[in-house]
Structures are given as structure tokens and as C-alpha cells.
Amino acid sequence: MSFKESFLWGGASAASQVEGGLTHRGLATYDFMTAGNKNTPRKVSIILKDGTKDFVYNFRKDDLPVGAQIELNDQLYYPSHEAIDFYGHYKEDIALMAEMGFKCYRMSLAWTRIYPNGDDALPSEEGLQFYDDVFDECLKYGIEPMVTTVHFDYPFHLSKKLGGWINRASIDYYLKYCFTIFTRYQHKVKYWLTFNEINLLLNNGYRSLGFCSSNEQERYQALHHIFVASAKAVALARSINPKFKIGMMLANIMSYPETCNPKDQLYCMETARMTRYFYTDIQCRGEYPAYVLNAIKKKGIDLIMEESDRKSLKNGTVDFIGFSYYNTSVATTRKDKKVTEGNQMMAVENPYLEKSEWGWTIDPIGLRLSLNDLYSRYQLPLMIVENGLGTIDTPNESGQIIDDYRINYLRQHLMQMKIAVEEDGVDLMGYTLWGPIDLISSGTGEMSKRYGLVYVDLDDEGNGTKKRIKKKSFDWYKEVIQSNGEILE
Ligand code: BG6
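Summarised in this report is the structure supplied together with it.

Rules used throughout
- Residues numbered from 1 in each chain as written.
- Predicted model: local features only at pLDDT ≥ 70, side-chain atom pairs only at ≥ 80, totals over all residues.
- Heavy atoms only, no water.
- Helix = DSSP H or I, 4+ residues; strand = E, 2+ residues; numbered from the N terminus.
- Rg over C-alpha atoms; globule rule 2.2 N^0.38 Å.
- Buried < 20%, exposed > 50% of the residue type's maximum accessible area, 1.4 Å probe, protein only.
- Contact = heavy atoms within 4.5 Å.
- Lys, Arg positive; Asp, Glu negative; His and termini not counted.
- Salt bridge = Lys/Arg side-chain N within 4 Å of Asp/Glu carboxyl O.
- Polar contact = N/O pair within 3.5 Å; in protein donor to acceptor, adjacent residues only side chain to side chain.
- Near = heavy atom within 4 Å.
- Areas by Shrake-Rupley, 256 points an atom, 1.4 Å probe, with all protein chains shown as cover.
- Nonpolar A, V, L, I, M, F, W, Y, C, P; charged D, E, K, R; others polar.
- Core = buried A, V, L, I, M, F, W, Y, C linked by side-chain atoms within 4.5 Å.
- Expected span 1.5 Å × (residues − 1).
- Axes fitted to C-alpha atoms, helices over the stretch in contact; angles between N-to-C directions.
- Parallel < 35°, antiparallel > 145°, perpendicular 65-115°, else oblique.
- Left-handed = near helix turned anticlockwise from the far one by under 90°.
- Pairing = 2+ DSSP bridges.
- Phe/Tyr/Trp six-rings, centres within 6.5 Å; stacked < 30°, edge-to-face > 60°.
- Lys NZ or Arg CZ within 6 Å of the ring centre and 35° of its normal.

Comments concerning the overall build of the protein
Within the protein, the regular secondary structure consists of 14 helices and 17 strands. For the protein, whose C-alpha radius of gyration is 21 Å, the value lies close to the compact-globule estimate of 23 Å for 489 residues. Overall, the C-alpha framework of the protein stretches about 55 × 55 × 50 Å when taken along its three principal axes. When the 489 residues of the protein are sorted by exposure, 60% land in the buried category. Counting only contacts in the protein whose residues sit at least 6 apart along the sequence, the fraction spanning at least 24 positions is 75%.

Here it is as C-alpha cells:
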């Protein structure tokens, strides 16, 4: 038997990609992002000072022109407003998860469902009750909720009032939100993650930082505030319920050196440091590593760090590392490297690996390597909180979705995960695959990039019945869970 009896099998989602229910919450920055596709980035509509309309692009780190206002443009489609309407379908969706035998559902809360403006004196009872109902529904089936406090989310009102995470005051508003949810749900939720994919936030633009800036100094400063907020949230959570388990959440995109040229190897090490270890070192060891301080100094960045911040980082180290795993990249000093476009996970292509329809490399062995890499560096329990294949699914004439390609992808990854546990001795808490019920793509805003074991009848413009249909992978995953990972065929 390779996996513990308590192994947390399940699935994961994010509020902005599933919930909808906009009339019952405040606007968040992600509500201003249109859909794009693999070649066209998602955009945010703005009105310039002279009244003309223009756009800023989320992942291109555009600046917001002086005096420009961010607006909702009624000519455009915003996928988060309705999404797959988990808000109206949560009972049905959780019942489907229960039927697959889920032990865990990783989900995020919409900050603006709790504090619609971010700075409200009191939380919204309606919003709090909604999540009470969702947790009760999970617990009814023995499904353990795991909650991400912020998954690419920031209240729109705070972005106007404070200018986003660049403003230190964001820390206090975030902690107030955390105090509310930790207290309210302390008897229903044991597992928490603070910020989703914290290592992508620096470049995640308006949606996560709450402001648009091409200025690195500003973005690193905002990131520093997020680190402090996260660490303080960890300490706060423990003071409310010492039984909580609180993790960090990393997008684990490791790179292979392209050649055995020591220059490529060195570049590979530097890439690992600046894109992953920077974050895990701070959140697991409680301080900025010297290589980061030196590297940002070299860039001319002068971080404003209050004396108490150092203490907060030290007091707020995590209990476990949650990470997403989709693809790997290649570290090369070549100038003509080819990078996948239009996605939030840009990576250099690898000739030894196949790619998904969205250009993401498919690398099951990379998962075993990632598990070993993180475990040997920190010896903390790990949890794979996202993994999966985003692809086009087409129902056949009888309306069935025979997604053997997804089963194959998941099987390959689970086999490597098993080796990492069984042979390498990695301490793994669980595995929640991404988007068990089809959801809106975060990177491109499309519906047609599907990860689910359950199909949702909805297209890229928001048309469809939102009916849920089980795919072939549904029964396959059910058997995997039933056998605690022994049967992967
Ligand atoms: C991760 C995010 O980056 O990858 C999810 O935490 C996201 O929100 C997932 O959906 C897959 O990315 P995409 O762009 O295919 O939705």
C-alpha cells in the first residue's frame, strides 16, 4: 500500500472560475477581465482622460495611463460574472464529487463575497452563509474542504481606493478578511492555503496586484506586502485554532538545463531561485534569501521593509507546501528560445516532450522530480493541489465524452506520484486535480480549455445550458480513489 489511509484525493477550483453569482457579491478585479484565447491575452477595458476607450492587457504588465478609469464595457463578455454558476449548482457539483469518492475539495473564497468592497465595517452575512452551506454540503459527504484565501483576487473598490497591493494598507484589509473567515469556519475547515501560486503574482498584473504597472520596483514592493500579509495570516490562523494546517501554494514549473554547458546549468539554477525557491525559502524558512536580496539590488530595486516585517516572516512559516504541477520548461542561454504565448505559464519548448493543444509540455517524470526536489529541500509535507490536462472535449453523437487522452495524462502523472511516495519516500498529503467540473480558464478566459471529469455545457461566449455531463474519466477517477491509488489502469 503506497498512499496513507488519510490521503486527500480530490479536485480543486477557484471562485472566479466557477462561482458566478455576481449580484450577491462585490466586484473584484478579475470581473474586469475579458476572455482571450491562446494567441490573444485577456484584456481590461479603460476610458482615457479624454473619454476615448482603450485596453490594458493583464499579463503584459501594461501601465494604466494617468487619469484613465477601468470600466465594465457592456459590449464585452466577462466570463467570471456567471462562470459555470457554481453559486447556483453547488449541491449538484458537490454530489458529483462525492460520487467520485472525493476526500477533499480545494476551493477558494471570493474575498468580495465576504467584504464586498474590501473595506466594509462588517462582513456580508449572505456571503458568509453561502460558504457555510458549501462546507456543510462537503462535510455531509465526508469531503474535507481545503480553502485558498486568495486565488488571483482583489476587491475592485480597494484597487481604486488604495491602488492595490503596492499600498501597505492592503495587508490590514486582508487580515481583517482572514480573521473573519478563520473565526467563522474554524470548526468546518482545517486546511488552508494563503495565496494561490504566489510565485506568479509579480507578473500576474491587475487581477492579482490590484494595479497595473510595468515598474519592477513597484511590483516587488507589492509582492513584499503579500509575503508579509501571508505570514501574518499564518500566525493569525494558528492563534485562532492551533489545529489548523496552513500551507503555501507554488506554481512548480521547474526547468531542465538545455545542454551540459555550465552556463546553461548556472542559468537553470538562477531561474529556479528567482522563480520558485525565492518564494518557498521565504514561506518555509521565514526570511529573504541572500541571492534574492542581491539580485533585486542589482536590478536597482530598493525594497521598503519595516523592521517588524522580518519578525512577521519568521513567525509565519507554513506547515506544508501545496503546489500546482502542469508543465516544465527549459533553461537556455540561447537568445532565440521559443516560448509558448498567450498563457500564464510561459515555458520554453522541450524536444523530448509532447505538448497540449495550448502548448504546455506534458511531463509526468517532471512531477516525480518536482516532488523530490521540494521534499529534499524542505522536508515538509507536500500536497499536489493542481494538475491536469486542459484540452478541447467534443461530445460524440450520443452526447458522451470519451476522454481517453485525459485518463492517459492523469494515469501517467499518478504513476510518477506513486513512485515518488513508494520508492523515494516523499511525504505526500494528497492530490487534488484541477477543475474536476469544467471551469473557465484562468490564463485565457476560455471555456473550451477543459480540465474536468464532468463536462459543462457552456461555450466561450457564455452560451449553453450549463448542464453537467459525466465524462469517461469520471468513472476512472472514482476507481482510482476507491482503490486508494492501487488501480490506475
Ligand atoms: C493555475 C491556476 O495557474 O493553473 C488556476 O491556479 C488555473 O487558476 C490553472 O486555472 C490552469 O491554467 P489555465 O490557464 O489553463 O486555466
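We are not done yet, so read on.
Topic: the side chain of Arg42
Considering the arrangement of structural elements, one finds Arg42 in the loop between helix H1 (15-18) and strand S2 (43-47). Of the side chains with opposite charge, Asp31 lies nearest to the buried Arg42, which makes no salt bridge, at 8.4 Å. Among the polar contacts made by the side chain of Arg42, one reaches the main-chain carbonyl oxygen of Thr34 at a distance of 2.8 Å. At a separation of 2.9 Å, a polar atom in the side chain of Arg42 contacts the main-chain carbonyl oxygen of Ser442.

With respect to the site of the ligand
In the neighbourhood of the ligand, 16 residues make up the surrounding shell, with Gln17, Glu197, Ser442, Lys449 and Tyr451 lying closest. Interatomic distance of 2.5 Å between a side-chain N/O atom of Glu197 and an oxygen atom of the ligand. A distance of 2.7 Å is found between an oxygen atom of the ligand and a side-chain nitrogen or oxygen belonging to Lys449. In isolation the ligand exposes 380 Å². Once the protein is present, 100% of that is buried. Its residues placed into classes, the shell around the ligand shows 6 nonpolar, 7 polar and 3 charged.

Concerning the nonpolar core
The tendency in soluble globular proteins is for nonpolar side chains to be buried side by side. Within the largest apolar cluster, 128 residues are counted, with the highest numbers of intra-cluster contacts made by Tyr174, Met417 and Tyr477. Among the elements that take part in this core, helix H8 (residues 216-240) stands out by supplying 12 residues, more than any other.

Thoughts on H8
In this model, H8 (25 residues) spans 36 Å end to end at C-alpha, consistent with the 36 Å of a helix rising 1.5 Å per residue. One side-chain oxygen of the residue at the start of H8 lies 2.8 Å from the amide nitrogen of Gln217, identifying that residue as Asn215.

Quick notes on the packing of H8 against helix H11 (residues 307-315)
Viewed as axis vectors pointing N to C, H8 and H11 meet at an angle of 50 degrees, and their least axial separation amounts to 8 Å. Relative to H11, the element H8 is oriented oblique. The element H8 and its partner H11 pack so that their crossing is left-handed. Of H11, the residues touching H8 (which contributes His224, Phe227, Val228, Ala231, Lys232, Ala235 and Arg238) are Asp309, Ser312, Leu313 and Asn315. Taken together, the residues that form the contact of H8 with H11 break down as 5 nonpolar, 3 polar and 3 charged.

A word on the sheet that holds strand S8 (residues 245-251)
Backbone hydrogen bonds hold the strands of a sheet together, and the pairing may be parallel or antiparallel. Strand order in the closed barrel formed by 8 strands is S1-S5-S6-S7-S8-S10-S14-S15, and the pairing between neighbours is parallel. Along the sheet, successive strands turn relative to each other by an average axial angle of 25 degrees, direction set aside. Sheet analysis places strand S10 (residues 320-324) next to strand S14 (residues 382-386), joined by 4 bridges and oriented parallel. Paired with Ile321 across the strands is Leu382, a residue of S14. Contacts from H8 reach strand S7 (191-195) and S8, with the element oriented near 160 degrees to S7.

Some details on the pairing of strand S1 (residues 8-12)
Remember that side chains alternate between the two faces of the sheet whenever the strand is regular. For S1, the buried fraction is high: 5 of the 5 residues fall into the buried class. Two elements, S1 and strand S15 (residues 428-434), share 5 bridges in a ladder whose sense is parallel. Within S15, the residue paired with Leu8 across the bridge is Gly430.

Here's the deal with the side chain of Thr391
Position of Thr391 among the secondary structure elements: in the loop between S14 and helix H13 (404-422). A residue is classified by how much of its surface remains accessible, and Thr391, at 7% relative accessible area, is buried.

Some points on the packing of aromatic side chains
Per the counting criterion, the structure on display carries 34 aromatic pairs. On the basis of an interplanar angle of 80 degrees and a centroid distance of 5.4 Å, the ring pair of Phe3 and Trp9 is categorised as edge-to-face. Relative accessible area serves as the criterion here: at 4%, Phe3 is assigned to the buried category. Aromatic side chains Tyr326 and Tyr451 sit 5.9 Å apart centroid to centroid with 70 degrees between the ring planes, which places their arrangement in the edge-to-face category. In this pair, Tyr326 is assigned in the loop between S10 and strand S11 (329-331) and Tyr451 in the loop between S15 and strand S16 (454-456), connecting sequence segments 125 residues apart. Among the aromatic side chains, those forming a connected cluster through ring pairs are Phe3, Phe7, Trp9, Phe102, Tyr431, Trp476 and Tyr477. Lying across the ring of Phe55, Lys43 places its NZ or CZ 4.1 Å from the centre.

Some points on the sheet that holds strand S4 (residues 69-70)
On the basis of which strands lie adjacent, the open sheet formed by 3 strands has the order S3-S2-S4 and antiparallel pairing. Across the chains shown, the open sheet's two edge strands, defined by having one partner strand only, are strand S3 (53-57) and S4.

A look at the pattern of salt bridges
Summed over all chains, the structure comprises 32 salt bridges. A salt bridge links Arg468 to Asp93, with the shortest nitrogen-to-oxygen separation between them at 2.8 Å. Taken as a pair, Arg468 in strand S17 (residues 468-470) and Asp93 in helix H2 (residues 86-99) lie far apart in primary sequence, 375 residues in all. The buried category is assigned to Arg468, whose relative accessible area is 8%. The class of Asp93 is buried, set by a relative accessible area of 1%. Between Glu489 and Arg411 there is a salt bridge, with the nearest N and O atoms lying 4.0 Å from each other. Note that Glu489 is positioned in the segment after helix H14 (472-482) and Arg411 in helix H13, a separation of 78 residues in sequence. In this structure Glu489 comes out as exposed when scored by relative accessible area, which is 65%.

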